[in-house]
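If you want the building blocks of each chain, they are given just below.
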Amino acid sequence: MAKAKTYQQVIGETVEHMRLEKGWTQGELAQAVGSSQSAVHRIEKGGQNVSLEMIKKLSEALGKQILSINDSASQSFRIIGGRELSGEITVNTSKNAAVALLCAALLNTGKTVLHRTARIEEVFRIIEVLESIGVKCRWTNRRRDLEIISPRELKLEEMDVEAARKTRSIIMFLGPLLHRYKKFQIPYAGGCSLGTRTVEPHLKALESFGLKVDAESNPGFYEVTVDQKVLHSKEGRYIVLTERGDTVTENVLMAAAMSPGETTIIGASPNYMVQDVCFFLEKMGVKISGIGTTTLKVRGRPRFDMDVDYNISEDPIEAMSFIAAALVTHSEITLLRAPIEFLEIELEVLKNMNAKFEISPEYASANGRTRLVNLTIKKSKLVAPVDKIHPMPFPGLNIDNLPFFSVIAAVAEGRTLIHDWVFENRAVYTTELANLNVKVELLDAHRVYIEGPTNWRPAELVAPQALRPAVVVLIGMLAAPGKSILRNVYPINRGYQDFAARLRHLGANIVPLTGI
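Quick notes on the rules
Per-chain numbering applies: the sequence of each chain, read as written, is numbered from 1 onward. Totals for whole chains, interfaces and linings use all residues, but because this is a predicted model, local features are given only for residues with pLDDT of at least 70 and pairs of side-chain atoms are given and counted only at 80 or more. With hydrogens and water set aside, each side-chain value is computed from the structure's full complement of heavy atoms. Per the convention used, a helix needs a DSSP run of H or I reaching at least four residues, while a strand needs a run of E reaching at least two, with both numbered from the N terminus. Computation of the radius of gyration draws on C-alpha atoms alone. For the globule rule, the value is 2.2 Å times the number of residues to the power 0.38. Each residue gets one of three labels from its accessible area relative to the maximum for its type: buried under 20%, exposed over 50%, partly exposed in between, using a 1.4 Å probe on protein chains only. By definition, residues are in contact when any of their heavy atoms lie within 4.5 Å. The Shrake-Rupley method, run with a 1.4 Å probe, gives the accessible areas here. Residue values count only the displayed protein chains as cover. DSSP calls a pair of strands paired once it identifies at least 2 bridges connecting them. Orientation is described by axes fitted as lines to C-alpha atoms, over the contacting stretch for helices, and by angles from 0 to 180 degrees between their N-to-C directions. Orientation categories follow fixed angle ranges, with anything under 35 degrees roughly parallel, anything over 145 roughly antiparallel, 65 to 115 roughly perpendicular, and all other angles oblique. Here a crossing is taken to be left-handed if its near helix is turned anticlockwise relative to the far helix by less than a right angle, and right-handed if that turn runs clockwise. Basically, the charged four are Asp, Glu, Lys and Arg, the nonpolar ten are Ala, Val, Leu, Ile, Met, Phe, Trp, Tyr, Cys and Pro, and anything else, Gly included, counts as polar. As used here, the arc is the angular range of directions from the helix axis to the C-beta atoms. Put simply, the grid is 1 Å and covers the protein atoms alone, a cavity is a trapped set of points that fit a 1.4 Å probe, a pocket is an open set with protein on both sides within 12 Å along at least five of seven lines, and lining residues have an atom within 4 Å of a point. Grid points are joined across faces, edges and corners, and a volume is the space filled by probe spheres set on the points. Note on disulfides: each one is a pair of cysteine sulfur atoms within 2.5 Å.

(A) Highlighting the overall build of the chain. Scanning the chain for helices and strands turns up 19 helices and 23 strands. For the chain, the C-alpha radius of gyration of 23 Å lies close to 24 Å, the compact-globule estimate for 516 residues. Projected onto its principal axes, the C-alpha positions of the chain cover 65 × 60 × 45 Å. For the chain, the proportion of its 516 residues judged to be buried stands at 56%. Looking at the chain alone, contacts between residues at least 24 apart form 73% of all its contacts between residues at least 6 apart. When the accessible area of the chain is evaluated, it comes to approximately 20700 Å², of which 48% is carbon and sulfur surface.

(B) Broad picture of the pairing of strand E5 (residues 145-149). Of all the 5 residues making up E5, 4 are buried; the element is thus mostly covered by neighbouring parts of the structure. Pairing analysis gives 5 bridges linking strand E4 (residues 136-140) to E5, with the strands arranged antiparallel. Within the sheet, the bridge partner assigned to Thr140 lies in E5 and is Asp145. Between E4 and the antiparallel strand that follows it, E5, lie 4 residues; Asn141 among them carries a positive phi value of about 55 degrees.

(C) The arrangement of the sheet that holds strand E9 (residues 237-240) in detail. Taking strand neighbours across the sheet as the criterion, the 4 strands line up as E9-E10-E12-E11 in an open arrangement whose pairing is mixed. Of all the strands in the sheet, just E9 and strand E11 (287-289) have a single pairing partner and so form its edges. For this sheet the average axis-to-axis angle between neighbouring strands, irrespective of direction, equals 15 degrees.

(D) Structural context of the packing of helix H15 (residues 402-409) against helix H17 (residues 467-479). Running from amino to carboxyl end, H15 crosses H17 at an angle of 20 degrees, the nearest separation of the two axes being 9 Å. As far as their axial angle goes, H17 and H15 are roughly parallel. Crossing geometry of H15 relative to H17 is assigned as right-handed. Residues Pro403, Phe404, Ser406 and Val407 of H15 touch H17, and the partners they reach there are Arg468, Val471, Val472, Ile475 and Gly476. Across the contact of H15 with H17, the residue classes break down as 6 nonpolar, 2 polar and 1 charged.

(E) How the structure looks around helix H3 (residues 37-44). Turning to H3, its buried residues are Ala39, Val40, Ile43 and Glu44. Looking straight down H3, one finds its buried side chains confined to an arc of 135 degrees; they lie on one side.

(F) Layout of empty space enclosed by the protein. Scanning the model with the defined rule gives 4 cavities of 30 Å³ or more in all. Looking at the lining of the largest cavity, the elements that each hand over two or more residues are H15, helix H16 (426-429) and H17. Here the residues of the lining of the largest cavity sort into 10 nonpolar, 2 polar and 2 charged. Estimated volume of the second largest cavity: approximately 70 Å³. What lines the second largest cavity is simply Asn92, Thr93, Lys95, Ala118, Ile120, Asp315, Glu318, Arg468, Gly495, Tyr496 and Gln497.

(G) Layout of unusual backbone geometry. Looking along the chain, the bond that leaves Phe394 and enters Pro395 is cis, with omega of 15 degrees. Phi at Asn141 takes a positive value of approximately 55 degrees, unusual for a residue other than glycine. Structurally, the position occupied by Asn141 is in the loop between E4 and E5. Among the residues examined, Asn141 registers a relative accessible area of 41% and is labelled partly exposed. Residue Arg142 is not a glycine yet carries a positive backbone phi of 60 degrees. With respect to the secondary-structure elements, Arg142 resides in the loop between E4 and E5.

(H) Molecular detail of the state of the cysteines. Considering all chains together, one arrives at 0 disulfides under this definition. Summary of cysteine pairing: Cys103 is not part of a disulfide, and the nearest cysteine sulfur, belonging to Cys137, is at 11 Å. Overall, the relative accessible area of 0% leaves Cys103 in the buried class. Cys278 takes part in no disulfide bond, and the closest cysteine sulfur to it belongs to Cys103, at a distance of 15 Å. Cys278 sits in the buried class, given a relative accessible area of 1%.

Structure, rendered in structure tokens:
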């Protein structure tokens, strides 16, 4: 079993990761903070106490917060674990759908209203970018709905680059913008820390619409030109996606929405957020066949200048988060408005692990298309599955839901193999659970064994700088009797709305902290 890391080691690893992400040497970082290369080396190895002043300097130099220092009250959580949860919780709408639909709103020069939009950091960053280029965004209906009005001429040269670099969703500006400008630039995409997630599939797929990208002449930016002859060609487009990615499919859908003729997309993602984009485009008059399959046929319109409103579907990943919290804390809770179509495989895997649950009759989401149920998770004595647990593109086990199975496996009797073949290093984050006394054996960057049940112990940790792994650690802390501290929880706030408050609603003892 891995030995718990010291606080200095956690800070050191965070600093090293951020430095490498920025492409700096230890010497360059030392120069930026007015220190020596040897001091930076000691900090990264966890061999030196770090003052608050130095933490602030490092954060400013690296452009990211290392710890929350008298900052926002939401940046750290104190958890008193070992308590049962109970009650009902309504599943929020999808954040992944929301950010895609915000980008799709650029297609329309009329008024777009997105109902029950997730109020999370990822959405706020996209709104900041949109407003910086002249798009009017306004919260209405007690700040539950978002109204977007895109002008005919955008101020792309005034784009908030800092906000844009904080999210990978900026790459989905390509599809809408290529119809509006012959030349433009957008910053390199940032966002979640899960290794190199190439944008090449986006660029390759959008070539069919005349898009060409120079990523070298202007460091930090994609310089885009659009071949107008190719863009306005009335010949049908036949696009084969070599990677069945969600954002790639959404980008191509947005490009196809204003293209003459029929666009056929082979190898499309049929995932929940892609379906939301399809439903939204259909409301604007785009003809789409094959929704929910890997082959889409799209017949676009020349322009969109209309008032349109759309109800975003519920988030299966948030639903899975609460499912995991219930199972790990041996609790009974009911999830209202759970999107069952995107949870069926996960529930079948859990059923094979002896999980007990009840499912209500189905009913429709507010968009009239997504299938919902009420789902009650019962107290369960779990056992390890016979086979490994691994993700697959929809309709398989969702890639974003896989991390929750690592913390669920920690309470299951026996040894569970988790195989995360998609991301280059996400399995490594699972070792953070060792700090909570979980028996973790990392086989390589993609495979990890979890042995349960766990004799949980509390810990003070910095949240992994990736969304789902950070939530997994938090769920583990809910199970660990005693006081745990989870610091720098921005990754959680980036993807979850009022997550701590919603857990408190179920009986969790979790409060935000100020200070470090």
